[in-house]
Amino acid sequence: MPFDLVLIQYYTAIVSDKKTSAKIALNRNITIHMFNVGRFLMNFNLQKMELRLADFRKCLQLLLPALFAVVSMGAHAAPAQVRVVWDKSPDTEAVVGYTQSASGGDGYVMAGTSPDASTWQLHSVSYTYTYGSLASGFVRLSGLTPDTNIYFQVCDNSGCGDKFWFKTAAATPENVTFVAGGDSRTYRSPRQQGMRLVSKIRPEFVLFGGDFTDGNQDYELDEWLDDWTLSYSNDTINGETFKRIYPLVPTVGNHENNSHLFMCRVFGSDPDGNNQCTLRDTYSVMSIGGNQARIYTLNSEFRNSGYGAQWDQQNTWLNSDLAVGGVGAKWRFAQYHKPMFPRTTSKPFIYEKMFEWSSPFETYHMNVVVESDSHLVKYTWPVVPTNNDYLKVDAGTVYIGEGSWGAPTRTANRQSNWIADQNSFAQFKVIQIAGDDIDIRTVRFSGESATSALTKAERDANALVLPAGLSLWDAKDVGSVYSITLDSSGFSRVGKSSSSSSSSSSSSSSSSSSSSSSSSSSSSSSSSSSSSSSSSSSSSSSSSSSSSSSSSSSSSSSSSSSSSSSGSGSSTSSSSSSSSSSSSGSGSSTSSSSSSSSSSSSSSSSSSSSSSSSSSGGSTDGDGSSGGGSIPGHYLLLGMLLLMIRSRRVKK
């Protein structure tokens with residue numbers, strides 16, 4: 001076989017290898033070689049496809065160094081795909097995970113409470129796991145100080161990676177903002193929009209409700225971890241570049257049924273602290289703010305045959321912890337994958353195994369439950385269980401969900417009188433706790449490109465501030481903010497507490513809310529493309545009754561108008577200009593604003609792809625790598641080679 005055809009086959013094999021192609025970075029040498037090749041090709045009359053054999057050999061001589069450089073960079077030069085996981089005591093512990101480099105050994109973490117790296121201490125690897133071809137190391141940082149910035153860097157024998165920082169949970173009640181969502185499994189474009197929104201919102205942590213990928217394969221999780229790097233926020237601290245990383249609390253979904261152990265093998269979850277990877281590591285509980293909130297992560301997939309013993313063990317543990325740790329907390333949250341009552345007729349009316357949890361939830365006054373799986377949007381009114389159904393009550397448990405962080409959306413077409421509203425589009429929830437109040441917002445991914453990024457200074461100054469331009473769902477009879485407070489028994493009821501202030505600050509540009517345009521929950525449609533409502537900028541006033549929806553004021557003025565964001569003292573980040581422009585999803589409107597900081601919203605990402613907002617769209621051109629940028633370059637090299645082969649044959 002001619003040498004040039006052998007080279008083509010070899011290079012095609014490289015490009016088709018998802019593990020390798022996701023890791024290749026365009027370094028300076030490759031760029032130089034590609035420039036030389038491009039300049040050389042400019043001398044050809046490509047329209048007539050005239051190429052002499054001598055010219056072809058010359059071009060190969062230029063290409064070979066670039067190809068060898070590409071091949072040599074197929075593995076990590078240092079530990080990469082860093083993730084931080086909370087699995088039990090977020091005020092004093094955290095698990096730092098990373099993907100190991102090819103020849104760097106197990107790795108270690110240098111960490112401290114100062115951004116000055118000379119003060120950091122070495123923390124050895126706690127455990128390492130492989131998941132197919134994905135090799136990961138994990139370091140448990142323990143004995144941390146609550147409510148403290150932790151600065152760290154992952155290193156091995158081949159070198160050190162980027163510098164990161166995160167914040168430990170508080171040990172006493174404090175205002176907090178966090179994100180909850182799930183089902184990112186299929187489409188990379190909305191998945192990456194969600195990651196970039198995390199970077200812009202700067203939550204304290206992220207609850208993720210399962211179905212990370214479609215098949216739970218190693219190369220899929222490798223790709224997901226690349227996309228997760230888009231959630232990093234870039235900061236300059238004392239003249240040094242740091243990336244803020246947000247602790248993740250993962251959950252098992254039905255698309256992880258082939259191996260629940262991805263929880264510990266890929267994310268390092270080890271809530272029982274025995275440094276072993278077992279099914280016990282797939283459910284956990286943690287407290288934030290001392291007794292402010294207790295958050296349960298449950299494995300709904302133990303409902304399947306073959307897991308009877310694990311299901312019983314989990315339920316025994318849940319009831320026991322609710323009776324002790326749960327009742328001592330002001331707020332109780334739970335997250336799991338399969339919903340009790342899916343809001344689409346393409347799913348069963350009830351998942352009976354999940355419904356078993358409704359009894360202890362009622363007994364111990366669970367406040368908010370985050371469900372996933374159905375790939376749609378919902379808010380329930382406060383409910384309690386009754387006869388294989390819910391009963392709407394003044395004070396009970398509020399269920400929200402259901403996934404759609406990138407999975408194909410389904411139509412929300414199952415009706416119940418205990419539903420406040422439901423719809424279908426790519427989204428996640430932003431949840432804020434402030435004293436006796438919780439505010440829940442549903443953030444549309446379609447507005448990501450118009451959302452400005454919070455700076456470190458803005459988040460440090462106000463735990464409840466939200467970025468300008470957020471596209472919020474304006475739910476029927478609820479509004480853009482679902483406000484919940486406590487009744488005398490500790491259950492959730494709709495409204496604000498008497499001690500809550502309506503707003504502590506105002507800004508020049510409000511988050512945008514999308515009007516329901518009189519579409520009820522019965523007529524909600526899929527794929528974020530239904531009602532044609534007038535563009536409106538929500539003034540987000542907090543409601544004090546279950547039927548009060550937030551008022552929307554039409555903002556046709558191009559000048560900045562002061563509007564306070566709703567809920568427990570939360571405010572919207574200021575921005576320099578706010579020209580109202582409608583966004584692309586279910587009649588949502590977006591207040592486009594320039595970022596108020598020089599801080600970029602994501603780590604060396606191909607953020608220009610953020611404008612593709614359709615939840616039914618395919619993947620972006622970039623591979624989401626955090627290395628040296630996305631790699632359309634190696635496809636360009638392949639195209640050049642193919643062009644030369646064709647030219648040679650035409651000449652003959």
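Residues numbered from 1 in each chain as written. Predicted model: local features only at pLDDT ≥ 70, side-chain atom pairs only at ≥ 80, totals over all residues. Heavy atoms only, no water.

Caption draft 1: Seen up close, the sheet that holds strand E22 (residues 398-401). The mixed open sheet is built from seven strands, whose spatial order is E14-E15-E16-E17-E22-E18-E23. Strand pairing shows two members of the sheet lacking a second neighbour, strand E14 (284-288) and strand E23 (419-423), which therefore form its edges. With direction set aside, neighbouring strand axes in the sheet form an average angle of 15°. With three bridges joining them, strand E16 (residues 331-335) and strand E17 (residues 368-370) adopt parallel strand pairing. Looking at the pairing, alanine 334 lines up with valine 369 of E17. (Pairing = 2+ DSSP bridges. Helix = DSSP H or I, 4+ residues; strand = E, 2+ residues; numbered from the N terminus. Axes fitted to C-alpha atoms, helices over the stretch in contact; angles between N-to-C directions.)

Caption draft 2: Highlighting the packing of aromatic side chains. Taken as a whole, this structure holds 40 aromatic pairs when the rule is applied. Between tyrosine 151 and phenylalanine 242, the aromatic rings sit 5.5 Å apart at their centres with planes inclined by 70°, giving edge-to-face as the arrangement. Of this pair, tyrosine 151 sits in strand E7 (residues 149-156) while phenylalanine 242 sits in strand E12 (residues 240-244); the two residues are 91 residues apart in sequence, bridging distant segments of the chain. Look at phenylalanine 242 and you get buried, because its relative accessible area is 0%. Geometrically, the ring pair formed by tyrosine 390 and tyrosine 399 is stacked, given 4.8 Å between the ring centres and 25° between the ring planes. By the burial criterion, tyrosine 390 is buried, and tyrosine 399 matches it. Members of the aromatic cluster, joined through ring pairs, are Phe208, Phe212, Trp224, Trp228, Phe262, Phe267, Trp405, Phe428 and Phe445. Arginine 280 extends its terminal NZ or CZ atom over the ring of tryptophan 317, reaching a point 5.4 Å from the ring centre. Here the basic side chain of arginine 444 rests over the ring of phenylalanine 425, its NZ or CZ set 3.8 Å away from the ring centre. (Phe/Tyr/Trp six-rings, centres within 6.5 Å; stacked < 30°, edge-to-face > 60°. Buried < 20%, exposed > 50% of the residue type's maximum accessible area, 1.4 Å probe, protein only. Lys NZ or Arg CZ within 6 Å of the ring centre and 35° of its normal.)

Caption draft 3: Broad picture of the nonpolar core. Judged by nonpolar contacts, the single largest core of 89 residues is most densely connected at Phe152, Phe166, Phe205, Phe333 and Phe428. Not counting residues within four places of it along the chain, the set of residues in contact with phenylalanine 166 comprises Val84, Trp86, Ala94, Leu141, Leu144, Thr148, Asn149, Ile150, Phe152, Ile245 and Pro247. By size, the runner-up hydrophobic cluster in this structure holds 27 residues, among which are Tyr336, Phe355, Trp418 and Ile419. (Core = buried A, V, L, I, M, F, W, Y, C linked by side-chain atoms within 4.5 Å. Contact = heavy atoms within 4.5 Å.)

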